[in-house]
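Coordinate inspection notes
Read off the chains here:
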Amino acid sequence: MNTKCYRTGLFALAILLLTLAQNSVMAQIPSTHWAKDGYQYYKVQSGEIVVLDARDANKKTVLVNKEMLTPQGQKPIGVRSFYLSADGQKVLLYTNAKKVWRYATRGDYWVYDFAAKKLTKLGTNLPASSMMFAKFSPDASKVGYVSGHNIYVETLADGSVKQLTTNGTDKLINGTFDWVYEEEFFCRDGFRWSPDGNQVAYWQIDASKTRNYLMLNTTDSIYPYVKPVEYPVAGEAPSPFKIGVVSATGGATKWMDIPTDPVLQSYVPRMEWAANNTELVIQHLNRAQNQTEVMLCNVATGASKTIYQEKDAAWVDILPEWEETYYYGGWDWFKNGADFLWASEKDGWRHLYRISHDGKKEKLITKGNYDVMQINAIDEKSGYVYFSASPDNATQKYLYRTKLDGSGKAERLTPMNEPGTHNYDVSPNGKAATHSFSNYYTEAVNEVVSLPDHKTFSGDEKVAKAVTASAGLKAKSNVEFFKVKTEDGVEMDGWMVKPNDFDPAKKYPVVLFVYGEPWGQNVKDENGSSYNFMYNGDMAKDGYIYMSIDNRGTPVPKGREWRKSIYKGIGTVNIRDLAMGTKQLLKDRSYLDTSRVAVWGWSGGGSSTLNLMFQYPEIFKTGIAIAAVGNQLTYDNIYQERYTGVPVDAEGRAAYTKGSPITYAKNLKGNLLYIHGTGDDNVHYQNAELLINELVKYNKQFQLMLYPNRTHSISEGAGTGMHLRTLYTNYLREHCAPGAR
């Protein structure tokens, strides 16, 4: 399940991140708005938009003050996010945000014109907080936006509004997407201005034949009511797409002729203008997601042609599935559209390639036995791409750069003496970057550095000082990073938090935190990664050993084979790795109490918890499973079919049955606490009842907690968080008693 924090496929990363994601600013907003000079950047501070300078921490200029943000007779608008026009003469302001599924992508928009010194509200005839994905035309004379599943263009000079589509409904969606496209492909913003601003290209999703999942709300009124969500489960055909182009002044839409399977259907998760005004570039995926085509579409005729294609024995990842800065679009072109950037795992590692416009020429840019973890910046003028990687330690992350023409080797920019996890927001011309760092024994530190020398402009070198200051803490830390090799020959990374006053001669209870699916890496060398946010107390003080292991199939930078070995094996391959890893640790470390072994997880981790409890009851004695998928056939088609195949026949459904916890529920021997929200629109409450039926059928006793009308994060309602943590903690203490023996 994609939660991708909701970074978000089958299932979530840690629920803490899930909760943060649901309440975060819009995901398309960059963390830093860099100015063209590569040194200055813009931020919202104290309700105003300010200009900061990377070279001088004390330099700050107010660009938009509260007076400028105050409509006549009203209070200043609260700026949720903002966008500057290309010429810097206008700023688009987003406010009054409302959540749509995962993110707050619906709200109100205003424009401040610096020359006219005027603040103007857009879409004044539309319902409040109904506008989505507003953006300037290239010349900033207009703003396009979506409201009520239709696309509008508003001319700023006179406030006139042109409605480009008129047939939008809950089931015929223009300019945005249905639930599953958003959840699994991160498709939210569904329209694009042409480079000259004269045309708009957009997606149309026809969800009319996609069956509704009927969620029952029993708490918000005396009479319960049904809340339908279009939700195609595994085996159901996806909603058909169309890609259309319409004049910015209105008129008929020209639809692109994109081939698709009339029965199985297919997907277009990426679409942009092809660096010109006459062509679109799209990424087309077949239903099984193991074959992709890059296609060029002639916007005048609608004709499409394939220029590049790729196949994989498992599945093909699209760029936003691992690189979140592309959640809201983007396609990197070079030499005025002569070449484009492409990411592929075809040589066994995730690398960047340069592909010619006609697809006939390609050049490997990043070379070596490592995975590109993130594309941090592309500076075509200087000829470099900045990216993150960690060739020698899959738990860490560092900044590199290499030549865009593929010459030379990757150059590490992060200092060699700063082991841990480094995150960067690099300015477009590579001159500066905001830099954050932490490792398991060093708290997070932030600074701004110049590149490529990686020195702070102020000379303060906060990260370097923090590394030096924390050097002595490494030996004192009760966190240990380790590798464990199973009897199957699989070597995995893990961390372990030992109790205070640890005595290796004694035995301690073990609590294993799991995720286990292609959307979650737990074992990261960063501060706080080993913290149990669900435990109401101090696990180390109470005498628990808390640990986690990243099995095969988790999205760690260990190459294609590691990640894709889980194909058709979710619920089996990952579960055996976790079980055998735990078994080996119990064998090798005598201080681990084999009679007190607990496991817990949320979403995909909840599913892993159930499977571990049911398939390996001789190892795991206590389990706490939250928001778990009990039957893989109940989860959405894009995620589940990507990793398990399309279940069009009995043979195809066999892998789903083999990996589903309900298949093994009859084997439960230990203590199980199962928790689910009845309003979960991601992993539906149906999973709980299917699992309950199986456990009842075989007289398997367990404890159940249902949270009425709570979603996948189980975060809504007064007192919910504390109640959940208390429930979790009390159950763990009762059934996996703390303390040394």
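All of these numbers come straight from a predicted model, not from anything done at the bench.

Once that is clear, we can look at the overall build of the protein. A count of helices and strands for the protein gives 12 helices and 43 strands. Computed over its C-alpha atoms, the radius of gyration of the protein comes to 26 Å, within 12% of the 27 Å expected for a compact globule of 741 residues. Reported as C-alpha extents along the three principal axes, the dimensions of the protein are approximately 75 × 60 × 60 Å. By the burial criterion, 59% of the 741 residues in the protein qualify as buried. In the form shown here, the protein has an accessible surface area of approximately 29,000 Å², with 49% of it arising from carbon and sulfur atoms. Computed over 83 positive and 80 negative side-chain charges, the inter-centroid distance for the protein is 1 Å.

Before going further, it helps to spend a moment on the UniProt feature "domain: Peptidase S9 prolyl oligopeptidase catalytic" (unreviewed entry) in the protein. Sites flagged by UniProt as "domain: Peptidase S9 prolyl oligopeptidase catalytic" (unreviewed entry) map to residues 539–723. Between the end C-alpha atoms of residues 539–723 the distance is 18 Å, and the span holds 38% helix and 18% strand.

Now for the sheet that holds strand S28 (residues 374–379). Pairing within the open sheet is antiparallel, and its four strands lie in the order S28-S29-S30-S31. In this open sheet, the two strands that pair with only one neighbour each are S28 and strand S31 (411–412). Pairing of strand S30 (residues 398–403) with S31 involves two bridges; the strand directions are antiparallel. When the bridges of S31 are listed, Tyr400 appears paired with Arg412.

A few words on the packing of aromatic side chains. Summed over all chains, the structure comprises 39 aromatic pairs. Measuring from ring centre to ring centre gives 6.4 Å for Tyr231 and Tyr635, while their planes differ by 75°; the resulting arrangement is edge-to-face. In this pair, Tyr231 sits in the loop between strand S17 (225–230) and strand S18 (241–247) while Tyr635 sits in the loop between strand S41 (622–626) and helix H9 (637–644), placing the two residues 404 residues apart along the sequence. Tyr231 gets classed as buried once you look at its relative accessible area, which sits at 4%. Between Tyr370 and Phe387, the aromatic rings sit 6.0 Å apart at their centres with planes inclined by 5°, giving stacked as the arrangement. Here Tyr370, found in the loop between strand S27 (362–364) and S28, pairs with Phe387, found in strand S29 (residues 384–389); they are 17 residues apart in sequence, far enough to count as distant.

Estimated volume of the largest cavity: approximately 250 Å³. Residue lining of the largest cavity: 23 residues in total, with Asp317, Leu319, Trp342, Ala343 and Ser344 positioned closest to the centre. Of all the elements, strand S25 (residues 339–344) adds the most residues to the lining of the largest cavity, at four residues. Its residues assigned to classes, the lining of the largest cavity shows 11 nonpolar, two polar and 10 charged. There is about 120 Å³ of room inside the second largest cavity. Looking at the second largest cavity, it is lined by 18 residues, and the ones nearest its centre are Arg192, Pro269, Tyr326, Tyr327 and Gly329.

Counting buried positions over the six residues of strand S10 (residues 142–147) gives five, a clear majority of the element. Inspection of the sheet shows strand S9 (residues 131–136) paired to S10 by four bridges, in the antiparallel sense. The residue bridging Phe136 from the neighbouring strand is Val143, located in S10. Where S9 folds back on S10, the antiparallel hairpin that results is connected by five residues, among which Ala140 adopts a positive phi of roughly 65°. When S10 meets strand S11 (residues 150–155), the two strands line up antiparallel, connected through six bridges. Paired with Val143 across the two strands is Glu154, which belongs to S11. The hairpin turn running from S10 into S11, its antiparallel successor, is two residues long, and Gly148 in that turn takes a positive phi close to 60°.

The next thing to look at is the pattern of salt bridges. Going through the model one piece at a time under the given rule, you end up with 30 salt bridges. A salt bridge links Glu182 to Arg188; the shortest N-O distance between them is 3.6 Å. Residue Glu182 shares its accessibility class with Arg188, and that shared class is buried. Ionic pairing is found between Arg552 and Asp577, a salt bridge with its closest N-O pair at 2.8 Å. With Arg552 in the loop between strand S39 (545–550) and helix H6 (560–564) and Asp577 in helix H7 (residues 573–588), the pair connects residues that are 25 residues apart, well separated along the chain. A residue is classified by how much of its surface remains accessible, and Asp577, at 0% relative accessible area, is buried.

Cut-offs used in this document
- For every chain, the first residue of the written sequence is number 1, and numbering continues from 1 onward in sequence order.
- Where totals are concerned, whole chains, interfaces and linings use all residues; where local detail is concerned, this predicted model gives features only for residues with pLDDT of at least 70, and gives and counts side-chain atom pairs only at 80 or more.
- As a convention, hydrogens and water are excluded, and side-chain values are obtained from all of the structure's heavy atoms.
- Numbering of helices and strands runs from the N terminus, with a helix taken as a DSSP run of H or I at least four residues long and a strand as a DSSP run of E at least two residues long.
- The globule rule used here is 2.2 Å times the number of residues to the 0.38 power, and the radius of gyration it is set against is calculated over C-alpha atoms.
- Only protein chains enter the accessibility calculation, which uses a 1.4 Å probe; a residue whose area is less than 20% of its type maximum is buried, one above 50% is exposed, and one in between is partly exposed.
- Here, Shrake-Rupley sampling with a 1.4 Å probe gives the accessible areas, and only protein chains in the shown set may cover a residue.
- For the charge count, each Lys or Arg is scored as positive and each Asp or Glu as negative, with His and the chain ends excluded.
- In this description, the location of a charge corresponds to atom NZ of lysine, CZ of arginine, CG of aspartate or CD of glutamate.
- UniProt positions are given in the numbering used here, feature names are shortened, and annotations may be inferred rather than shown by experiment.
- For two strands to be treated as a pair, DSSP must find at least two bridges joining them.
- Aromatic rings from Phe, Tyr and Trp, taking only the six-membered ring of Trp, are treated as a pair when their centres fall within 6.5 Å; an angle between ring planes under 30 degrees marks them as stacked, one over 60 as edge-to-face, and anything in between as tilted.
- Any residue with an atom within 4 Å of a point lines the site, the site being either a cavity, points on a 1 Å grid over the protein atoms alone where a 1.4 Å probe fits but cannot get out, or a pocket, an open set with protein on both sides within 12 Å along at least 5 of 7 lines.
- Grid points are joined across faces, edges and corners, and a volume is the space filled by probe spheres set on the points.
- Polar here means any residue outside two lists: the nonpolar Ala, Val, Leu, Ile, Met, Phe, Trp, Tyr, Cys and Pro, and the charged Asp, Glu, Lys and Arg; Gly therefore counts as polar.
- Just to be clear on terms, a salt bridge is a Lys or Arg side-chain nitrogen sitting within 4 Å of an Asp or Glu carboxyl oxygen.

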